[in-house]
Amino acid sequence: MLQTAELLKKVRKLEIVTRRKVTDAISGAYHSVFKGRGIEFDEVREYTFEDDVRDIDWNVSARLNAPFVKKYVEERELTVLLMVDTSSSMYFGPAGSKVCERAVEAAAMLGLSAMKNNDRVGLMLFSDRVEKLLMPRSGRHNRLRLIRELIAAAGTGQPRTTDIASALRHGCSILKKRSVIFLISDLTAGGAELEKALRIASRRHEVIVLHVFEPAMFVLPREVKNIYDAESGIFHRISSRRSIRKVVDAARQQMDINRSMCRRSGADLLELAGGQDVATELMKYFLRRKKQRNNSFNGS
């Protein structure tokens, strides 16, 4: 476990980094994709040439003998739940670029984007059980606590297996209204149970799966003789090119299975590979979602 002084230092550093990367552009892109529940009346003000004449309040205009328009504001009150896998397999990858570190960075950016848009953000850290749960809230204190818990979880390195389906079911049980769920995991524990949980969750909530992975899993070097399974604690010996190719093919096949699973269940999927800039990939995703949304509205 990280010492308090080291933890606080990492919290400050990650907050500074994420606040720099979560620019108005990313926050605005997030806002355009995840709309609030509707609009509510705010006030009336004098009409200007840039205003739409359909917004004129004729009763107020007649009473004041000048054109006035109604002004509305978006009623957001969105609830966002960040679900982050902290199982042992998330520690795969080179130092400074482990899968769990990219997961933490993505969660921090998503959380900060949501809070900049006045959304309520919660955090669930899970492995084969729920490790930590922060109920959805807003405010600076919640942001700092969220980042602190993310960093603390990434620094434990304790051996833990994965049960994503169970965590997702628990996450849905604490959300009382339609919410946005970001599920961040390496998806090593898939299968029928996870697909069923995703399908049920997607019926009520907007579910986005962030699949974080290390590309090295697809290109094992020839000199590799043993592969360590972090969750089972077992070394699997591979002694030939054929066995190496078998491992790589299985990893690629699992990627295809995950894509099909998300598509069938109605969950959105974003793949974050090692070496990619998290902020750039999130921005691309938001812009792609916005374009798809506009196309559906235009009937194309």
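Residue positions are given per chain, counted from 1 along the sequence in the order it is written. Note on the predicted model: pLDDT of at least 70 is required for a residue's local features to be given, and 80 or more for side-chain atom pairs to be given and counted; whole-chain, interface and lining totals, by contrast, use all residues. Excluding hydrogens and water, the side-chain figures rest on all heavy atoms present in the structure.

Summarising the sheet, strand β4 (residues 120-126) and strand β5 (residues 130-137) pair through five bridges and their orientation is antiparallel. Looking at β5, one finds that Leu125 is bridged to Lys132. Between any two strands, at least two bridges found by DSSP are needed for them to pair. The secondary structure listing takes helices from DSSP runs of H or I that are at least 4 residues long and strands from runs of E that are at least 2 residues long, numbered from the N terminus. What sits between the antiparallel neighbours β4 and β5 is a turn of three residues.

Turning our attention to the pattern of salt bridges. The salt bridge definition used is simple: a Lys or Arg side-chain nitrogen within 4 Å of an Asp or Glu carboxyl oxygen. Scanning the model with the defined rule gives 12 salt bridges in all. For Glu193, the salt bridge goes to Arg169, with nearest N and O atoms at 3.3 Å. Remark: Arg169 occurs in helix α6 (residues 164-174) and Glu193 occurs in helix α7 (residues 192-204); sequence separation between them is 24 residues. A salt bridge links Glu195 to Arg264; the shortest N-O distance between them is 2.8 Å. Remark: Arg264 occurs in helix α8 (residues 241-265) and Glu195 occurs in helix α7; sequence separation between them is 69 residues. When a residue's accessible area, from a 1.4 Å probe over protein chains only, is under 20% of the maximum for its type it is buried; when over 50% it is exposed; and in between it is partly exposed. Look at Glu195 and you get buried, because its relative accessible area is 15%. Salt bridges sharing common partners tie together Asp128, Arg129, Glu131 and Arg160.

Shape is all these values report; function is a separate question.
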